[in-house]
Each structure stands twice: as C-alpha cells, then as structure tokens.
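# A closer look at the structure
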Amino acid sequence: MSQVVILKKGKFPKVIEIIEQEKHNFKFLRGALADQVNYRCCVGLLLSHFGWDGHGCCTKNFQQADEKLEEIVSINDQWYIAAINDESQSYDEVVERLERDGREPSN
C-alpha cells in the first residue's frame, strides 16, 4: 500500500494542513477565537493546535501557542484569515478561500 503526498503551493500550505488536520476536533465559530466547549474560529483552531486550551488570551498556554503560530503565519495574515473566517460558514470554506487567494502570482 502506497501513500500519496500532495504538495500544496501558495502562501498558506501549513495553515491549510493544520485546519484540515484539526477541523474534526472543533465546531466552526465566527467572531471569536473560542466560545463554549470545542468551538473555535480558524485562528483559535490554529492556536489550539499549538497548545491553547481555549480559555482566555492572557494565559501562559495562549502566549506559547501564539508565539508558535507567529512562526508560520504573520499577524497580518492572521487578521486576513480571521476576516475570511467571519465571512464563511465552515472550515472547508475558509480552506477553499485560502487555497484560492493564497496562490503565488504567476510570472
């Protein structure tokens, strides 16, 4: 049995990979990083991937997760992802948009 590896090009391949990996662990949310139990927006989902427990933005685990997230995506791009999230109805919609909008310009 062989495994097929799909290389995603563009600006957000690692972000897309994490969303695809983690989206089954959370319920989609707009307008906030986290709310109630297991709801996350895409940025909240990314932070949770790096260890955030979803409770507050002044916690040690939030700060550590935020530092790790900034290693793969800038603050400006996090705002961009949040804007896409808040215009979407699901993680899949966000991924589709990131794939489309994050393509490298052709020469």
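Before reading on, note that the structure itself is shown above.
Remember, it's a predicted structure, so these values are computed and weren't measured experimentally. (Residues numbered from 1 in each chain as written. Predicted model: local features only at pLDDT ≥ 70, side-chain atom pairs only at ≥ 80, totals over all residues. Heavy atoms only, no water.)

### Here we look at the sheet that holds strand β2 (residues 34-35)
We count it as follows: Two strands are said to pair when DSSP picks up at least two bridges between them. Numbering goes from the N terminus for both helices and strands, where a helix is a DSSP run of H or I of at least four residues and a strand is a run of E of at least two.
Read across the open sheet, the 3 strands follow the order β1-β3-β2; overall the sheet is mixed. Bordering the open sheet on either side are β1 (27-28) and β2, each of which pairs with just one other strand. Where β2 lies against strand β3 (residues 39-40), 2 bridges are found, and the strand directions are antiparallel. Its bridge partner lying in β3, Ala34 is registered against Arg40.

### Describing the pattern of salt bridges
What counts, and what does not: Here, a salt bridge means any Lys or Arg side-chain nitrogen found within 4 Å of an Asp or Glu carboxyl oxygen. Relative accessibility under 20% of the residue-type maximum defines a buried residue, over 50% an exposed one, and the middle range a partly exposed one, all with a 1.4 Å probe and only protein chains included.
If you walk through the whole model with that rule in mind, you get 7 salt bridges. One salt bridge in this structure joins Glu87 and Arg97, with 3.0 Å as the shortest N-O distance. With Glu87 in the loop between α4 (75-86) and α5 (91-101) and Arg97 in helix α5, this residue pair connects regions lying 10 residues apart in the sequence. Glu87 sits in the exposed class, given a relative accessible area of 55%. Asp101 is paired through a salt bridge with Arg97; the nearest N and O atoms lie 2.5 Å apart. Taken together, the positions of Asp101 and Arg97, both in helix α5 and 4 residues apart, correspond to about one turn of that helix. In this structure Asp101 comes out as partly exposed when scored by relative accessible area, which is 31%. Note on Arg97: relative accessible area 25%, which makes it partly exposed.

### Regarding the nonpolar core
Applicable threshold: As used here, the term nonpolar core means buried Ala, Val, Leu, Ile, Met, Phe, Trp, Tyr and Cys residues forming a set that is joined through side-chain atoms within 4.5 Å. Contacts are assigned to residue pairs that have any heavy atoms within 4.5 Å of one another.
Core analysis: the largest hydrophobic core is formed by 25 residues, its most contacted members being Val15, Ile19, Ile81 and Leu98. For this core, the elements supplying multiple residues, two or more each, are α1 (13-22), α2 (42-49), α3 (60-72), α4 and α5. Per-element tally for this core: the top contributor is α2, with 5 residues. Not counting the four nearest positions on each side in its chain, Leu98 is found in contact with Phe12, Val15, Ile16, Ile19, Tyr80, Ile81 and Ile84.

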